[in-house]
Structures are given as structure tokens and as C-alpha cells.
Amino acid sequence: MVETCEEIESLEREWRDALCSKDMDRLRSMVHPDFVLIGTRSTGPFVMHRDEWLEAIKHRDVDSIDFTIREVTVLGNVMIGTVHGRWKLKYLGRMIEDCVVSTDVWVREGDRWMSIRRHSTPAPAPLDNNKGK
């Protein structure tokens, strides 16, 4: 389980770093051609397919993304991670801060894991136990 958690944490870190630097080549290599982002926001549910999601990345300026892996399950060539994330970004001129719980589904394609699904839903901000220290 520890190796699996470390593996998905490494993938999530790679994804975060590519998002923050807008490394489109890295993102394309990490996101499966059948990738779909499914989520809910205050405006309601949404679905974004790979090309639409990649295009949206070009319009975001990511300030920071912090995450914690909550759970990992591996079933052969499929790995599912539950991730609690907190991010700050500027999108279409608007600053957005959000906390989410995501279920990330990764599939092994040859020697590489690729994200094929991400379901993201708003979550309360975690308590900051280090505040004031």
C-alpha cells in the first residue's frame, strides 16, 4: 500500500507541477485521450473532455496547489486515488480559491500511468493545525 500511495502521490505532484508551469506537452502525455473531468460547482454540474480541459488550462494562471492523498486502490492496470486538494488560480481574470475532493482514475498504458477520469466536488477547507505557529 505504501508503494502505491507513493506512486499516485508522485503522479499527482507531476500533474500539479505541469499545471502550475502550463507544461502542455507534459499534461498531454499524462492525460488519456478519453479523459473526462466531471464535477460540481456553485453553478451546477459540469463535464469537460480532454481537449476542452487542455484548452481551459491555457487560460488559467495557477498560483498554488496543495494536496493530500486520502486513499488508493489498485486493480490490475487501474489505480484509483481519493485526493483532497486546495488550489488558488486566476481564471479569465478572476481569482479563485477552492478546496475539493477528487477521485482520480489512472490507467496503465504501456509503461506509463495516464489519467482517464477525474471527479471533483467541493469540500470544506481542512483545519490548519499549524496556524499561529
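Look above for the structure.
Residues numbered from 1 in each chain as written. Predicted model: local features only at pLDDT ≥ 70, side-chain atom pairs only at ≥ 80, totals over all residues. Heavy atoms only, no water.

Caption draft 1: Seen up close, the nonpolar core. Ranked by size, the top nonpolar core spans 29 residues in total, and within it W15, L19, L27, W53, M79 and W106 carry the most contacts. The set of elements that each furnish at least two residues to this core consists of α1 (2–21), α2 (24–30), β1 (31–41), α3 (50–57), β3 (60–75), β4 (78–91) and β5 (94–109). Setting aside residues no more than four positions away along its own chain, M79 makes contact with T4, E7, I8, L11, V72, T73, V74, D104, V105, W106 and W113. (Core = buried A, V, L, I, M, F, W, Y, C linked by side-chain atoms within 4.5 Å. Buried < 20%, exposed > 50% of the residue type's maximum accessible area, 1.4 Å probe, protein only. Helix = DSSP H or I, 4+ residues; strand = E, 2+ residues; numbered from the N terminus. Contact = heavy atoms within 4.5 Å.)

Caption draft 2: Geometry of the pairing of strand β6 (residues 112–122). One ladder, built from five bridges, connects β1 with β6; its direction is parallel. Bridge assignment links G39 to a residue of β6, and that residue is S120. Inspection of the sheet shows β5 paired to β6 by 10 bridges, in the antiparallel sense. Looking at the pairing, V107 lines up with M114 of β6. Connecting β5 to the antiparallel partner β6 that follows it, the hairpin turn spans two residues, and G110 within it adopts a positive phi of roughly 65°. (Pairing = 2+ DSSP bridges.)

Caption draft 3: Structural detail: unusual backbone geometry. Positive phi values are uncommon outside glycine, yet K22 reaches one of about 55°. Secondary-structure assignment places K22 in the loop between α1 and α2. Residue K22 is classed as partly exposed on the basis of its relative accessible area, which comes to 29%.

Caption draft 4: The arrangement of the packing of aromatic side chains in detail. Applying the stated criterion across every chain, the model contains four aromatic pairs. For the pair W15 and F35, a centre-to-centre distance of 6.2 Å together with 70° between the ring planes defines the contact as edge-to-face. Here W15 is found in helix α1, whereas its partner F35 is found in strand β1, with 20 residues between them in sequence. Note on W15: relative accessible area 2%, which makes it buried. Between W15 and W106, the ring centres sit 5.4 Å apart and the planes meet at 90°, which makes this aromatic pair edge-to-face. Here the residue W15 occupies a position in helix α1, and W106 occupies one in strand β5, the gap between them amounting to 91 residues. (Phe/Tyr/Trp six-rings, centres within 6.5 Å; stacked < 30°, edge-to-face > 60°.)

Caption draft 5: The arrangement of the pattern of salt bridges in detail. Under the definition given, this model contains 11 salt bridges. E9 is the salt-bridge partner of R13, the closest N and O atoms lying 3.6 Å from each other. Here the residue R13 and the residue E9 both occupy positions in helix α1, the gap between them amounting to four residues, near one helical turn. Residue E9 is classed as partly exposed on the basis of its relative accessible area of 33%. Of the charged contacts, one joins R118 and D104 as a salt bridge, the two residues approaching to 2.6 Å between their closest N and O atoms. Of this pair, R118 sits in strand β6 while D104 sits in strand β5; the two residues are 14 residues apart in sequence, bridging distant segments of the chain. You'll find R118 and D104 in the same group, each marked buried. Several salt bridges share partner residues, and in doing so they unite E12, D104 and R118 into one network. (Salt bridge = Lys/Arg side-chain N within 4 Å of Asp/Glu carboxyl O.)

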